[in-house]
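# Chain and residue survey
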Amino acid sequence: MGTLSLGPDPRPMISLLKFAARILVILTLGGFLGATLVRLAPGYGVDQEELDFRLSSSSIQFLRQADSPNVSLFTFYARYMLGLLHGNLGYSRNLQEPVRQLLAERLPETLKSVTLALVLGWMAGLSLAMAAALARNGLLSAAASLLASIMLCIPAAVLALLFVDAQLPGRLVLALIVFPKIFQYARSLLNRSVALPHVLLAHARGAGGLRILLCHALPVAGPQLLALAGVSVSMAFAAAIPVEALCDLPGIGQLAWQAALGRDLVVLVNLTMIVTLVTVLANSAAELASRASRGGET
Amino acid sequence: MKPSFLRFLCVLFLVPLAARAQSAGHPANQLRFCITSQPKTFDPQLVTDDASETIRYLTGGVLVRLNRSTQQLEPALATSWQVDRSGRTIRFVLRHDIYFSDGTPFSAADVAWTMQRLMNPALHSPAGDAFRSGEGRVVTQVIGKDRIAVTFPRPVVGLARLFDQVAIMSASSPHGGMAVLGPYCLAKNKAGSWLLLKRNPHYWKRDTAGHPLPYIDSVRIDVEPNRDIEVLRFLHGDIDFINSVDAMDYDRLKARAPSTAIDAGPSLDSEQVWFNQVPGAPLPAYKKAWFASTDFRRAISESIDRQALARVVFRGHAHPAISWISPADKYWFNARLSPHPFDPHGALRLLAQDGFQLRNGALYDRGGHVVEFSVITNAGNLYREQMATMIQQDLAGIGIRLRIVTLDFASLIERITRTFDYEACLLGLVNDELDPDAQMNVWLSSAENHQWNPSQKTPATSWEAEIDRLMRAQASTSDLSRRKAEVDRVQEIVFEQEPFIYLVNKDALSAVSTRLRNVRPSVLRPQIYWNIDELWLDASGGGKR
């Protein structure tokens with residue numbers, strides 16, 4: 001998913017319209033590609049209840065007709081988009097509820113998890129990166145690197161299982177997934193910043209560690225850190241799928257997992273579009289903030 | 001670095017990690033367990049999946065109930081019943097002063113309405129299909145408020161037993177299908193996450209001391225597709241039982257909490273492998289000829305070490321399968337059949353009769369084709385994957401190369417029911433029915449679930465024609481000894497022809513918390529909570545079950 005470029009257009013309204021149009025195109029394409037993948041996957045429209053030996057031949061035929069896609073992919077998608085314009089997100093075949101209701105119930109749960117993960121992940125990652133960049137001895141830096149490396153090596157699903165086993169809050173898993181990436185990028189950026197000549201000069205003149213960090217290193221690394229913020233949002237959303245599924249968190253990640261297993265096309269298309277929207281908005285917001293912090297340079 | 005900054009970092013990491021999961025305080029008298037998926041329907045007549053069946057069992061009131069322990073029918077909403085000589089009509093005498101969960105009175109009119117709806121062909125109810133023995137209308141005759149006769153167009157074997165699956169619905173309740181007669185009623189459904197059932201305040205049953213049943217106030221059912229997580233939650237005491245655990249988890253539970261693991265003995269379920277014999281399947285002609293050969297199928301069967309499958313794959317919690325009826329079904333199993341031998345030399349002799357030759361460790365057919373084929377099974381089922389691997393080794397012993405292909409379940413079903421693009425398939429049959437008549441849709445050659453060659457216009461082989469005749473004959477008489485003789489003969493034909501190569505019958509394994517009392521595990525589903533209204537929770541936990 002690419003980052004949207006707003007361009008150096010001086011007219012803010014036109015820029016905004018262009019931006020909205022691009023988001024719309026990306027969303028439409030993202031949703032359509034998602035629908036295509038699900039629809040073309042082997043076994044779409046097949047129900048395991050067909051193997052129920054109590055069912056008569058006519059009931060099996062009825063099940064097959066009910067499950068089989070009776071319209072083409074393009075027709076399905078056109079109908080879906082038309083419904084979307086009227087606020088109708090469709091009906092979940094597996095959960096037997098309107099998708100709108102499912103999302104309304106589950107989106108806040110995921111937003112809560114992702115927000116907590118981002119806050120904790122960033123606080124931990126950035127704090128350790130700052131500490132590592134400023135530490136005189138390498139012990140803290142090595143320990144933090146080791147911790148981050150371990151976290152990077154453990155797959156999200158395994159981490160989630162460990163948390164379930166230890167009866168720890170599942171939401172923390174997302175924070176532990178975000179943390180090592182933040183730490184590694186932030187440390188590298190801060191290390192580069194503190195090695196710049198003017199920062200070294202400030203250090204030589206006796207400036208305190210915190211002052212160096214806040215006044216010299218962070219402003220230099222700021223734009224890249226803001227870009228990292230955008231990426232971390234997408235990262236947390238992506239990780240929410242296995243984590244919510246395994247830790248029994250009733251968010252949209254769990255919904256996506258169940259929809260994928262049950263080939264629930266309508267739910268999957270909606271979720272694809274939500275994830276696309278979040279990614280595009282987060283990346284664009286990060287880019288905007290990054291530009292603003294650089295004083296509007298392009 | 002200042003100590004205060006270090007303290008801040010410590011707090012940042014340790015506080016959240018130390019925070020234990022805030023398990024929402026569970027009500028003391030609430031039973032908790034998991035199902036693997038969201039129920040597809042709450043309409044008791046349209047149940048096709050296990051999750052919906054669970055809800056139907058817990059909420060639906062039935063006229064007669066099969067005692068899963070004694071395997072005998074017991075009165076429920078009907079105090080007595082009688083099937084007439086023709087096997088077409090059943091008469092019920094109903095209980096008085098019974099009310100649905102919403103307070104609507106129950107009467108014979110509700111039974112009539114339920115049966116008419118159930119038997120409506122347009123509804124396509126699996127429970128209704130079980131009653132469908134011939135064309136024609138079902139006639140319900142209400143004989144007063146508490147008596148009803150139901151007449152079917154043709155005799156229905158095991159007629160009374162089928163009513164165990166029929167949840168009576170209200171003909172007049174404003175709440176429609178949500179008004180129930182079972183021990184619980186649905187209070188909340190968080191789709192895909194959990195369901196909450198509350199005690200039905202109008203449930204009819206009382207214990208011997210006259211106390212109203214059920215004892216447990218509410219049932220929380222969590223939707224948990226991951227079996228590993230389910231086991232972890234059980235070990236943490238977060239759920240009270242696991243209705244069906246697999247062999248590996250059973251051993252794990254037995255080691256960690258011996259009193260919670262229950263092996264109720266061989267179940268009715270079986271694992272089997274079959275060859276694709278569909279004439280139009282996209283397979284080379286020489287392979288179709290192999291699969292159609294009885295000698296070939298029997299040779300494959302004889303080269304499989306079923307004892308080893310039971311011992312290694314199922315850790316001793318399974319038994320070599322003999323017939324399509326499990327030995328657990330004591331009445332219908334044909335005890336004259338002896339276990340299939342593990343005899344690779346005998347298998348090679350059978351293959352030689354068909355012109356196969358073993359040369360340099362590889363088997364060749366008459367036309368010089370190397371004998372190799374693939375078996376498909378569902379991905380993620382560790383036991384089937386392990387069985388396939390052991391079969392692969394067994395077949396290598398007679399020079400056959402077996403390729404194992406694991407597929408997502410939906411893709412697998414697509415192949416075995418629509419495209420027929422497969423050579424052999426390894427799958428299981430989940431069975432709850434003691435009466436073999438329930439498997440008519442497997443054994444009739446015209447049936448969709450006649451997996452090796454479904455929906456035949458006329459039987460492809462003489463032995464399939466004979467099975468058709470015998471299955472139809474047993475379905476048309478209520479003479480039990482005659483039916484037994486005919487079903488025994490079908491078992492013998494299947495034993496000889498091996499269209500399905502039966503591998504093992506798994507044991508019914510469960511896990512039950514020691515705080516759940518009055519549990520009487522059964523091999524029939526639902527193994528643990530079939531007597532849900534008599535179960536109770538002991539707050540003190542330990543002790544004997």
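All of the points below concern the structure found in this document. For every chain, the first residue of the written sequence is number 1, and numbering continues from 1 onward in sequence order. Here chains are named by letter from A upward and ligands by number from 1 upward, in the order in which they appear as written. Where local features are concerned, this predicted model is filtered to residues with pLDDT of at least 70; where side-chain atom pairs are given and counted, the filter is 80 or more; whole-chain, interface and lining totals use all residues. To get the side-chain values, all heavy atoms of the structure are used, and hydrogens and water are removed first.

## Section: the pattern of salt bridges
Residue and element names in this part refer to chain B.
- When a carboxyl oxygen of Asp or Glu is within 4 Å of a side-chain nitrogen of Lys or Arg, the pair counts as a salt bridge. Tallying each qualifying case throughout the model produces 45 salt bridges over all chains.
- For Asp435, the salt bridge is made with Arg161, and the minimal N-O distance between the two is 3.5 Å. Separated by 274 residues along the polypeptide, Asp435 in the loop between strand 18 (424–429) and helix 14 (440–443) and Arg161 in helix 5 (residues 159–162) bring together distant segments of the chain. You'll find Asp435 and Arg161 in the same group, each marked buried. The helix and strand labels rest on DSSP assignments: H or I over at least four residues marks a helix, E over at least two residues marks a strand, and numbering proceeds from the N terminus. Only protein chains enter the accessibility calculation, which uses a 1.4 Å probe; a residue is then buried when its area is under 20% of its type maximum, exposed when over 50%, and partly exposed in between.

## Describing the pairing of strand 4 (residues 78–83) of chain B
Residue and element names in this part refer to chain B.
- Taken together, the five bridges between strand 4 and strand 5 (residues 89–94) define a ladder with antiparallel strand orientation. Note on strand 5: the bridge partner recorded for Ser80 is Val93.
- The loop that links strand 4 with its antiparallel partner strand 5 comprises five residues; one of these, Gly87, has a positive phi angle of about 75°. DSSP bridges decide pairing: two strands pair if at least two such bridges lie between them.

## A closer look at the interface of chain A and chain B
- Whether two residues are in contact is decided by their heavy atoms: any pair within 4.5 Å suffices. Residue-level contacts link 54 residues of chain A with 59 residues of chain B.
- Defined in terms of a 1.4 Å probe, buried area is the accessible area two parts forfeit on being brought together, summed over both. The largest per-residue losses of area from chain A upon contact with chain B belong to Leu51, Phe53 and Arg54 of chain A, which jointly make up 18% of the total buried on that side.
- Our count for the contact surface shared by chain A and chain B stands at six salt bridges.
- For Arg233 of chain B, the salt bridge is made with Asp248 of chain A, and the minimal N-O distance between the two is 3.3 Å.
- Under this definition, polar contacts are N or O atom pairs within 3.5 Å; protein pairs additionally need one hydrogen-donor-capable and one acceptor-capable atom, and for neighbouring residues in sequence, both atoms have to be side-chain atoms. At the boundary of chain A and chain B, one finds 17 residue pairs in polar contact (both at pLDDT 80 or more).
- Ranked by residue count, the leading element in the side of chain A that touches chain B is helix 4 (residues 99–134) of chain A, at nine residues.
- Grouping the constituent residues of the side of chain A that touches chain B by class yields 28 nonpolar, 14 polar and twelve charged. Here the term charged refers only to Asp, Glu, Lys and Arg, the term nonpolar to Ala, Val, Leu, Ile, Met, Phe, Trp, Tyr, Cys and Pro, and the term polar to all other amino acids, Gly among them.

## Considerations on the packing of aromatic side chains
All names here are of chain B.
- Pairing of aromatic rings covers Phe, Tyr and the six-membered ring of Trp, with a centre-to-centre limit of 6.5 Å; geometry is then stacked below 30 degrees between planes, edge-to-face above 60, and tilted otherwise. The tally for this structure, following the rule as stated, stands at 34 aromatic pairs over all chains.
- For the ring pair Phe241 and Tyr529, a centre distance of 5.7 Å and an interplane angle of 35° mean the geometry is tilted. With Phe241 in strand 11 (residues 241–242) and Tyr529 in the loop between strand 20 (516–517) and strand 21 (536–537), the pair connects residues that are 288 residues apart, well separated along the chain.
- Classification of Tyr529 by relative accessible area gives buried; the value is 4%.
- Where Tyr331 meets Trp332, the ring centres are 5.0 Å apart and the plane angle is 90°; that geometry is what we call edge-to-face.
- Cation placement over rings: the criterion is NZ of Lys or CZ of Arg within 6 Å of the ring centroid and within 35° of the ring normal. If you follow Arg65 out to its NZ or CZ, it ends over the ring of Tyr57, 4.1 Å from the centre.

## Here's the deal with helix 15 (residues 462–475) of chain B
Residues and elements named next belong to chain B.
- Multiplying 1.5 Å by the residue count of a helix minus one yields the expected span of that helix. In a regular helix each residue adds 1.5 Å, so 14 residues correspond to 20 Å; helix 15 covers 20 Å between its end C-alpha atoms and thus fits that length.
- Where helix 15 is concerned, the buried positions are Trp463, Glu464, Ile467, Asp468, Leu470, Met471, Ala473, Gln474 and Ala475.
- Of the surrounding secondary structure, the elements contacted by the buried residues of helix 15 are helix 9 (294–302), helix 14 and helix 16 (480–497).

## Considering the nonpolar core
- Judged by nonpolar contacts, the single largest core of 82 residues is most densely connected at Phe76, Leu103, Val173, Phe183, Val269 and Leu271 of chain A.
- The contact partners of Leu271 of chain A, leaving out residues within four places of it in the chain, are Leu103, Ile252, Leu255 and Ala256 of chain A.
- What is meant by a nonpolar core is a set of buried Ala, Val, Leu, Ile, Met, Phe, Trp, Tyr and Cys residues, joined one to another through side-chain atoms within 4.5 Å. If you look at the next biggest cluster of nonpolar residues, it comprises 52 residues, including Phe234, Val245, Leu402 and Val504 of chain B.

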